[in-house]
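Chains, contacts and geometry: an overview
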Amino acid sequence: MATGRERPLSSRLCSMRAALALAGGLLVGGCSLAGQLPPTKLAGVTQQLLIRSLERALAELDLGKLQGPGVNVDVFVQDGNQAFIKEFVTAWLQAHGVRTVSESPEVKVKLFASVYGTDFDRTFIGIPAFQVPVVNVPFPEIALFKWERNRGQAELRIYEFEGKTDTPLGPQAPGVGRAKYDNITVLLIFGFTLSDVDVEKRE
C-alpha cells in the first residue's frame, strides 16, 4: 500500500526525468547545429552563374583592334563587386592577347557591365508547405512537379578611343553571356514485378 510520502517522491522522479530528457534533447540539438557552416553572402550557384555569364559575354567581344597596341582599360559596373569584375576583365583581356598599360596608351577602352546579375523563376504543381492551424505544426511540401530555374546574365558594352585625341574608333556590338542552373523534381509512382516463373529450369 502506497503512503503519502511515496507519491510526492514518485512525482519528483517523473519531473526530474522529464527535465533530464528535455536537457538532453537540447544538448543533442545544439551539437547537431554546431557543425553546420553558415551560408556565404552569395550562394555558390549564384557565384557560378555570374562568373560563367561574364566569361561568355567577354568571349562575344571583338578584340581585333586591341591586340597589339598598348591599351588602358577602365571598367564600370552598374551593380556588383566592381573591384573584382575589373581585375577579372583585365586579366581575361591580358590572357587573350591584349597588352594593357597605365601610361601613354595607344588605345583607351571603357568597358561597361550594363547587366550583371541573376534571375529566378519557378513552376510548381503540388501541395506547398504550410503551417497547420491550431496545432501549429509545419506540413511538408509535396511536389508532383517542380522546376526551379536559375539564370545568370551579363551584358558588356565596350567603347574604344584613340589614346591621344580620344577619337572614337567605331562602335561595337555588346557581348551577351548567359548561364543556367535548373533543379527539377518529379514525383513518380510506379510498380514493377520480379518473377522467374517464365524461365525454364535446365537440368
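Refer to the structure above for everything that follows.
Let me sum up the structure you'll find in this document.

**Notes on the packing of helix 2 (residues 44-59) against helix 3 (residues 82-95)**
- Contact geometry of helix 2 with helix 3 gives a least axis separation of 11 Å together with a crossing angle of 45°. In terms of axis orientation, helix 2 runs oblique to helix 3. Seen from above, helix 2 lies across helix 3 with right-handed handedness. Taking contact as the criterion, the partners of I51, L54, E55, L58 and A59 in helix 2 are, on helix 3, F84, I85, F88, V89 and W92.
- In terms of residue class, the contact of helix 2 with helix 3 is built from 9 nonpolar, no polar and 1 charged.

**So, the environment of L42**
- Among the structural elements, L42 can be located in the loop between helix 1 (6-34) and helix 2.
- For L42, a relative accessible area of 43% gives the class partly exposed.
- In contact with L42, not counting residues within four places along its chain, are Q47 and L50.

Cut-off values and rules
- Residues numbered from 1 in each chain as written.
- Predicted model: local features only at pLDDT ≥ 70, side-chain atom pairs only at ≥ 80, totals over all residues.
- Heavy atoms only, no water.
- Axes fitted to C-alpha atoms, helices over the stretch in contact; angles between N-to-C directions.
- Helix = DSSP H or I, 4+ residues; strand = E, 2+ residues; numbered from the N terminus.
- Parallel < 35°, antiparallel > 145°, perpendicular 65-115°, else oblique.
- Left-handed = near helix turned anticlockwise from the far one by under 90°.
- Contact = heavy atoms within 4.5 Å.
- Nonpolar A, V, L, I, M, F, W, Y, C, P; charged D, E, K, R; others polar.
- Buried < 20%, exposed > 50% of the residue type's maximum accessible area, 1.4 Å probe, protein only.

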